[in-house]
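# Working through the structure, step by step
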Amino acid sequence: MAMSGDSQSPRVALFPASFDPITNGHLDLIHRSLGMFDEVVVAVANNVSKAGLFSLDEKLEMLNGVLGATGGVRVASFEGLVVEYARTLGACAIIRGLRAMSDFEYEFEMALMNRHLEPSVEIIFLASSQDYIYVSSSRLKELARFGASVADFVPPLIEDHLKRKISAL
């Protein structure tokens, strides 16, 4: 693995997701990934067929707000196939988080297809930390819609964005 100061190219990993919104579980995976790679590109998948609560610009604003000062992290967005975006970045790996067996089946099928499309990019599965195994953006949006606190699951900046967005609906 290339380390800072090595003559080798930096090892770049791509962490793609919808981040609607980013959770403490996502942040845990990002910080753990930084221990394995020189740079982690946190990229919002701009999926026009999947309507989220937040716009692409809002997601990027939130990501930059919570990750902007984190060394080794770059925030971006992309359209199209994740492996094509990984190729354009020069990424050697795509990071995927797993919370449960139901995640594994979907992610494993996707990993096999991505491996077929771009064999040089490894797919790295990281098991969710036990504290976040049941946390999902969908579940948090549902809690917020019913007025429950999500403070244990997202940074304060994200909680504020979520409350404002839900109250505007």
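Just above, that's the structure.
Residue numbers restart at each chain and count upward from 1, following the sequence in its written direction. Under the rules for a predicted model, residues below a pLDDT of 70 receive no local features and side-chain atom pairs below 80 are neither given nor counted, while totals for whole chains, interfaces and linings still include all residues. The side-chain values count all of the structure's non-hydrogen atoms but skip hydrogen atoms and water molecules.

## So, helix H1 (residues 24-34)
Side chains of residues three or four places apart in an α-helix project in the same direction, reflecting 3.6 residues per turn. Selection criterion: Partly exposed describes any residue whose relative accessible area lies between the buried limit of under 20% and the exposed limit of over 50%, with all areas from a 1.4 Å probe on protein chains only and scaled to the type maximum. Strands are runs of DSSP state E lasting at least 2 residues, helices are runs of H or I lasting at least 4, and numbering of each runs from the N terminus. A 3.5 Å cut-off defines polar contacts: any pair of N or O atoms within that distance qualifies, except that in protein one atom must be a possible hydrogen donor and the other a possible acceptor, and neighbouring residues in sequence count only when both atoms are side-chain atoms.
Judged by how many residues are buried, H1 sits mostly within the fold: 8 of 11 residues are covered. Of the positions making up H1, those classed as buried are Asn 24, Gly 25, His 26, Leu 27, Asp 28, Leu 29, Ile 30 and Ser 33. Two to three positions downstream of the cap, the backbone nitrogen of Gly 25 sits 3.2 Å from a side-chain oxygen, assigning the N-cap of H1 to Thr 23.

## Examining the environment of Phe 108
Structurally, the position occupied by Phe 108 is in helix H4 (residues 101-117). When the C-alpha positions of Phe 108 and Phe 125 are compared, they lie 9.1 Å apart, and in sequence the two are 17 residues distant.

## Some words on a nonpolar patch on the surface
Which entries qualify depends on this criterion: Patch construction takes residues with relative accessible area above 30% that form no salt bridge. Like charges are linked within 9 Å, and nonpolar side chains (Val, Leu, Ile, Met, Phe, Trp, Tyr) are linked within 5 Å. Note on areas: Shrake-Rupley, 1.4 Å probe, and residue coverage restricted to the protein chains presented here. By definition here, a salt bridge exists when the distance from a side-chain nitrogen of Lys or Arg to a carboxyl oxygen of Asp or Glu is within 4 Å.
A cluster of nonpolar residues, Met 101, Phe 104, Phe 108 and Leu 112, forms a patch on the protein surface that exposes about 410 Å² of accessible area. Take Met 101: it is sitting in helix H4. Classification of Met 101 as exposed rests on a relative accessible area of 66%.

## Some thoughts on the sheet that holds strand S1 (residues 12-17)
As a reminder of what qualifies: In this analysis, strands are considered paired if DSSP registers two or more bridges between them. A fitted line through C-alpha atoms serves as each axis, taken over the contacting stretch for helices, and the angle formed by two N-to-C directions is quoted from 0 to 180°. Contact definition: two residues touch when any of their heavy atoms are within 4.5 Å.
If you trace the 5 strands from one edge of the open sheet to the other, you get S3-S2-S1-S4-S5, paired in parallel fashion. The open sheet has two edge strands, strand S3 (73-78) and strand S5 (122-127), and neither has a second partner. Neighbour to neighbour, the strand axes of the sheet diverge by 30° on average, direction disregarded. As judged from the 2 bridges shared by S1 and strand S4 (residues 93-98), these two strands associate in the parallel manner. Looking at S4, one finds that Leu 14 is bridged to Ile 94. Across the sheet, H1 touches S1, strand S2 (39-45), S3, S4 and S5, and the angle it forms with S5 is around 125°.

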